[in-house]
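Close look at the chain arrangement
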Amino acid sequence: MKAALEALVRTSAIAAAAFLYWAGACIPALALPGNVVAEQKISDTAGGFAGPLSDNDAFGSGVAAIGDIDGNGVVDLAVGAPADDDGGSDRGAVWVLRMTSAGTVLATQKISDTTGGFGGGLSNGDRFGAAVAGVGDLDGDGIGDLAVGAPGDDDGGTDRGGLWILWLNADGTVKAQQKISDTAGGFAGALSNGDAFGSAVTPLGDLDGDGVVDVAVGAPGDDDGGTDEGAVWILFLDTAGTVKSATKLSELTPGFGGQLSAFDAFGYSVTAVRDLDGDGLAELVAGAPGDGDGGFARGAAWVLFLDAAGGLKAFQKISDTAGGFAGILDDADQFGSSVAVVRDLNGDGRDDLAVGAPGDDDGAINAGAVWILFLNADGTVALHRKISATAGGFVGPLSAGDAFGAAAVMARDLNADGVADLAVGANLDDDGGTNRGAVWILFLDGVPGAFCGDGFLDPNEECDDGNNAPGDCCSPTCTFEPAGTSCADSDLCNGDEVCDGAGTCLPGTPLDCDDGDPCTQDTCDPATGCHSTPGPAPVCLGAGKAVFELADKTNDARDLVKFKWLKGAETQLGDFGDPTATTTYALCVYDYSAGTPSLALKVVVPPGAGWQSRGSKGFRYRDPAGSADGARKIVLKPG
């Protein structure tokens, strides 16, 4: 199926100037974000990449941002070369590129059947590296991990496909791996011969809230509804990288029937776009480069609105005839061969979308192109920009058959200008030899600041706490809030917190809720503050057995209250404190007849006058006049 798509040859070329369309107005391309302001090629002969590559490796068939694995402050990339022959024909490989801010390669590590610590075992024709995606730090070691598609894998049957989860070391080698296929990794979905599961992969965030990233995997050769109509699998992963459960999106998905046609290759590419519809979940975009809207294989991209279970709530198609897209597509452009989220270039608060069309003929036959689509909240296109050999400020050069746009990924902000950068695969580029492949780093024009608040510290940010709210010591512009700025939380009990000027919220002084009354229980409620209720203080010791005597005489002067501790936990001399100087004693009598305590009697004896130390025998209090609430005698004995 994939080979057939790559073999498509366009028979006509229509020259067109690049224009952006907004509310029906035609505006010159240089007037809006998305234009290329600089570029850097990475190939067998360019960009500091030492390879080596061989003819027909198809380097650039997949490209992924994997975070800053080497700690130099610049995001690193993984690039697939699925036709690499390490160990056997077309077994495939992935190159880990440690990057510089200029978009050149600082160092490389190859992962294949014979190198890079990968012990999974590949077979001829697996095409490992046809798709790659950074999936975050799965094992919490501070290093980004990687998902790699192998759509030619034969587990269970011919070309059913597979997916590898790779845990990486800081040098880009593989620490561990887990395979997901028709026969491995807990995947219970039914795959068929030629499904090409693993042709595309993207992280979706944590859809089910279990703390583990979930992924979408394309199977463009799936035959639900018709030959090669395609499908996308949503995989809910566990911490071991195996599948807990899976949901399939295809022609047979309720509410989606009738939308696909034979050879659409839905799922040939996938990416996730941050929440467009406000439900707190990312949207999924799936490419269908064989779609025939407007003409043969002009292609399409589908914006899919998912629920937390991976089910389909709604969808929007973008093609030559749908979704508000006003760009000019021609037969065999294969729009949708790649899709990539691009962080908000035009400052409208929504992510933008890059869509590859490697069969585009701008400048030369099949030189390729990438479209930048500025989306509305419903997934339709508000405006667009084309990047090709003749449009969008891209200098190149591109040559016939380069297939620029075969893969794409946001490379975050390599040059620290606050604007998203884009890595675009041209997997049939001929630098160094036939179809060795290349990747272009495109530094784009746009409104700075789109990365602030996404939880990833970029080079131009002092802090990034995953939100754009003030009052948490990291400002809405990702700078440290000044020392002394309030960062109080919702807990009244822990005092008033303030920022230290370096991103840390310093703890406040906890509230002192002691009301000075030994016969009340003093507590603090985080929402309402201090409260005092009748009851013995938590620090009081309890008697196992005691005598309480209450005598009410006709002569009030002869009234008597007497309490004697008979049995209970052993008391040490130190438990008594020092009533001659600092320790207050109280007798608190509570009435529980209503079910909750109410204070019936309180006798408080302050420290000092009347108290006498008896050494190791304890303390005695005498006051015949009963000047302290009528208390005349107290004896404290350890034991």
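Given the structure is predicted, the values throughout are model-derived calculations rather than measurements.

Another point: the state of the cysteines. Summed over all chains, the structure comprises 7 disulfides. Shown here is the disulfide that connects cysteine 519 with cysteine 588, its sulfur atoms set 1.8 Å apart. The S-S bond linking cysteine 519 to cysteine 588 shows a torsion near -80°; that makes this disulfide left-handed. Of this pair, cysteine 519 sits in the loop between β28 (505-506) and β29 (520-525) while cysteine 588 sits in strand β33 (residues 585-591), and the two are 69 residues apart along the sequence.

Side chains on a regular strand alternate between the two faces of the sheet. Within strand β16 (residues 269-273), 5 of the 5 residues are buried, which leaves it mostly tucked inside the rest of the structure. By the alternation rule, side chains of β16 split into Ser269, Thr271 and Val273 and Val270 and Ala272, which are all buried. Relative to strand β17 (residues 283-288), β16 is paired through 5 bridges, and the arrangement is antiparallel. Following the sheet pairing, valine 270 is matched in β17 by alanine 286.

Attention shifts here to the sheet that holds strand β21 (residues 352-357). One open sheet holds the 4 strands; their spatial order is β20-β21-β22-β23, and the pairing between them is antiparallel. Lying at the two open borders of the sheet, with one neighbouring strand each, are β20 (338-342) and β23 (381-388). Along the sheet, successive strands turn relative to each other by an average axial angle of 20°, direction set aside. Bridge analysis of β21 against strand β22 (residues 369-375) gives 6 bridges, and the strand direction is antiparallel. Bridge pairing in β22 places aspartate 352 opposite phenylalanine 374.

To continue, consider the nonpolar core. Counting residues in hydrophobic clusters, the biggest one holds 26 residues, and the most contacted among them are Phe404, Leu422 and Leu442. Looking at this core, the elements with two or more residues in it are β20, β22, β23, β24 (404-410), β25 (421-426) and β26 (438-444).

In spatial order, the strands read β8-β9-β10-β11; together these 4 strands make up an open sheet with antiparallel pairing. Strands with a single pairing partner mark the edges of an open sheet, and in this sheet they are β8 (131-134) and β11 (174-181). Averaged over all neighbouring strand pairs, the angle between strand axes comes to 20°, with direction disregarded.

Attention now goes to empty space enclosed by the protein. According to the stated counting rule, one finds 1 cavity of 30 Å³ or more in the structure shown. The computed volume of the largest cavity comes to approximately 40 Å³. Every residue lining the largest cavity is listed: Leu138, Trp167, Val212, Leu237, Asp238, Thr239 and Gly241.

Attention now moves to the pattern of salt bridges. Per the stated rule, a full pass over the model turns up 31 salt bridges. For the salt bridge of arginine 91 with aspartate 113, the shortest nitrogen-to-oxygen distance reads 2.6 Å. Taken as a pair, arginine 91 in the loop between β5 (77-81) and β6 (93-99) and aspartate 113 in the loop between β7 (105-112) and β8 lie far apart in primary sequence, 22 residues in all. Under the relative-accessibility criterion, arginine 91 is labelled buried at 16%. Where lysine 244 meets aspartate 208, a salt bridge forms, and the shortest distance between an N and an O atom there is 3.1 Å. Note that lysine 244 is positioned in strand β15 (residues 243-249) and aspartate 208 in the loop between β12 (200-205) and β13 (214-219), a separation of 36 residues in sequence.

The next thing to look at is the domain arrangement of the protein chain. On domain assignment, one finds that the protein chain holds domain 1 (35-445), domain 2 (451-511) and domain 3 (545-636). Distance from the C-alpha centre of domain 1 to the C-alpha centre of domain 3: 79 Å.

Taken as a whole and assessed by the stated rule, the structure comprises 16 aromatic pairs. Ring plane angle 20° and centroid distance 4.9 Å describe the contact between phenylalanine 49 and phenylalanine 59, whose orientation is recorded as stacked. Placement of phenylalanine 49 in the loop between β3 (36-43) and β4 (62-65) and of phenylalanine 59 in the loop between β3 and β4 is noted, with a sequence separation of 10 residues between them. A residue is classified by how much of its surface remains accessible, and phenylalanine 59, at 0% relative accessible area, is buried. Relative to tryptophan 302, the ring of phenylalanine 256 has its centre 5.1 Å away and its plane inclined at 75°; by these criteria the two rings are edge-to-face. Of the two residues, phenylalanine 256 is situated in the loop between β15 and β16 and tryptophan 302 in strand β18 (residues 300-306); the sequence distance between them amounts to 46 residues.

What follows is about the environment of asparagine 346. Tracing the sequence through the fold places asparagine 346 in the loop between β20 and β21. On the accessibility criterion, asparagine 346 (18% relative accessible area) is buried. Along the backbone, asparagine 346 and aspartate 445 are 99 residues apart, and their C-alpha atoms lie at a distance of 9.2 Å. The residues touching asparagine 346, leaving out its near neighbours within four places in the chain, are Pro33, Asp352, Phe374, Leu383 and Val447.

Looking now at the confidence of the model for the protein chain. Mean pLDDT over the protein chain stands at 90; residues scoring 70 or higher make up 95%. For the stretch residues 1-31, pLDDT sits under 50, and the model shows 62 contacts to residues farther than four places along the chain or on other chains.

Next up on the list: a nonpolar patch on the surface. A grouping of Phe548, Leu550, Val561, Phe563 and Trp565 is seen on the molecular surface, where their side chains present a nonpolar patch of about 470 Å² in accessible area. Elements with a contribution of two residues or more to the nonpolar patch: β31 (543-551) and β32 (560-568). Here the nonpolar patch takes 3 residues from β32, the largest share from any one element. Among the structural elements, leucine 550 can be located in strand β31. Residue class for leucine 550 comes out exposed when judged on its relative accessible area of 58%.

Definitions and cut-offs
Residues numbered from 1 in each chain as written. Predicted model: local features only at pLDDT ≥ 70, side-chain atom pairs only at ≥ 80, totals over all residues. Heavy atoms only, no water. Disulfide = S-S within 2.5 Å. Helix = DSSP H or I, 4+ residues; strand = E, 2+ residues; numbered from the N terminus. Buried < 20%, exposed > 50% of the residue type's maximum accessible area, 1.4 Å probe, protein only. Pairing = 2+ DSSP bridges. Axes fitted to C-alpha atoms, helices over the stretch in contact; angles between N-to-C directions. Core = buried A, V, L, I, M, F, W, Y, C linked by side-chain atoms within 4.5 Å. 1 Å grid on protein atoms, 1.4 Å probe; cavity = no way out; pocket = protein on both sides within 12 Å on 5 of 7 lines; lining within 4 Å. Points joined across faces, edges and corners; volume = space filled by probe spheres on them. Salt bridge = Lys/Arg side-chain N within 4 Å of Asp/Glu carboxyl O. Domains from an automatic or database assignment. Phe/Tyr/Trp six-rings, centres within 6.5 Å; stacked < 30°, edge-to-face > 60°. Contact = heavy atoms within 4.5 Å. pLDDT = per-residue confidence, 0-100. Patch = residues over 30% accessible without salt bridge, like charges linked within 9 Å, V, L, I, M, F, W, Y side chains within 5 Å. Areas by Shrake-Rupley, 256 points an atom, 1.4 Å probe, with all protein chains shown as cover.

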